[in-house]
Amino acid sequence: TQVPVHHHVTKDESFILLRGKVRVNIYNDAGEVTESIVLCHADGNIGVDIPKDTWHNVECLEEGSVIFEVKEGPFVEHEVDGILRI
């Protein structure tokens, strides 16, 4: 499973790993990965904060992985310009 590369112009977002192993990638405006964070309990890395207006995605590295996602306000589907086409 992979969440498409997207951003939230006005909202920070946080992920906390509950189970499994996932990768969170940070991208520049050209669609190039600038940082890659693997969330894994065995490594002691279980959370990440994504600042507003930062292109990012999440990809599952183990079957059955679960993350807790937090951001301000109600759920709003991404507008077309909220998805980075690479």
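Residues numbered from 1 in each chain as written. Predicted model: local features only at pLDDT ≥ 70, side-chain atom pairs only at ≥ 80, totals over all residues. Heavy atoms only, no water.

Chemist: Hey, could you run me through the pairing of strand 1 (residues 13-19) in this one?
Modeler: Residues in a regular strand project their side chains so that they alternate between the two faces of the sheet. The pairing of strand 1 with strand 4 (residues 47-50) spans four bridges and is classified as antiparallel. If you follow Glu13 over to strand 4, its bridge partner there is Ile50. Bridging between strand 1 and strand 6 (residues 66-71) involves six bridges; their strand directions are antiparallel. Its bridge partner lying in strand 6, Leu17 is registered against Ile67. (Pairing = 2+ DSSP bridges. Helix = DSSP H or I, 4+ residues; strand = E, 2+ residues; numbered from the N terminus.)

Chemist: How should the sheet that holds strand 4 be read in this particular structure?
Modeler: By way of backbone hydrogen bonds, the strands of a sheet pair with one another, either parallel or antiparallel. Spatially, three strands are ordered 4-1-6 in an open sheet, and the strand pairing comes out antiparallel. At either end of the open sheet lies a strand with only one pairing partner, and these are strand 4 and strand 6. Direction aside, the axes of adjacent strands within the sheet are offset by 20° on average. (Axes fitted to C-alpha atoms, helices over the stretch in contact; angles between N-to-C directions.)

Chemist: Would you take a moment to explain the pattern of salt bridges for this structure?
Modeler: Opposite charge on two side chains allows them to pair when their charged atoms are near. Counting across every chain of the model gives three salt bridges. A salt bridge links Lys71 to Glu13; the nearest nitrogen and oxygen atoms lie 3.4 Å apart. With a gap of 58 residues between them, Lys71 in strand 6 and Glu13 in strand 1 connect regions that are remote in the sequence. Looking at Lys71, the relative accessible area reads 24%, which means it is partly exposed. Residue class for Glu13 comes out buried when judged on its relative accessible area of 1%. The partner of Arg23 in a salt bridge is Glu59, with the nearest N and O atoms 3.6 Å apart. Residue Arg23 is found in strand 2 (residues 21-27), and its partner Glu59 is found in strand 5 (residues 55-60); the two are separated by 36 residues along the sequence. (Salt bridge = Lys/Arg side-chain N within 4 Å of Asp/Glu carboxyl O. Buried < 20%, exposed > 50% of the residue type's maximum accessible area, 1.4 Å probe, protein only.)

Chemist: Got a minute to help me understand unusual backbone geometry in this structure?
Modeler: Trans is the prevailing form of peptide bonds, just as negative phi is the prevailing case for residues other than glycine. The phi dihedral of Asp53 falls on the positive side, at around 65°, and the residue is not glycine. Looking at the secondary structure, you find Asp53 in the loop between strand 4 and strand 5. Residue classification places Asp53 among the partly exposed residues on the basis of a relative accessible area of 45%.

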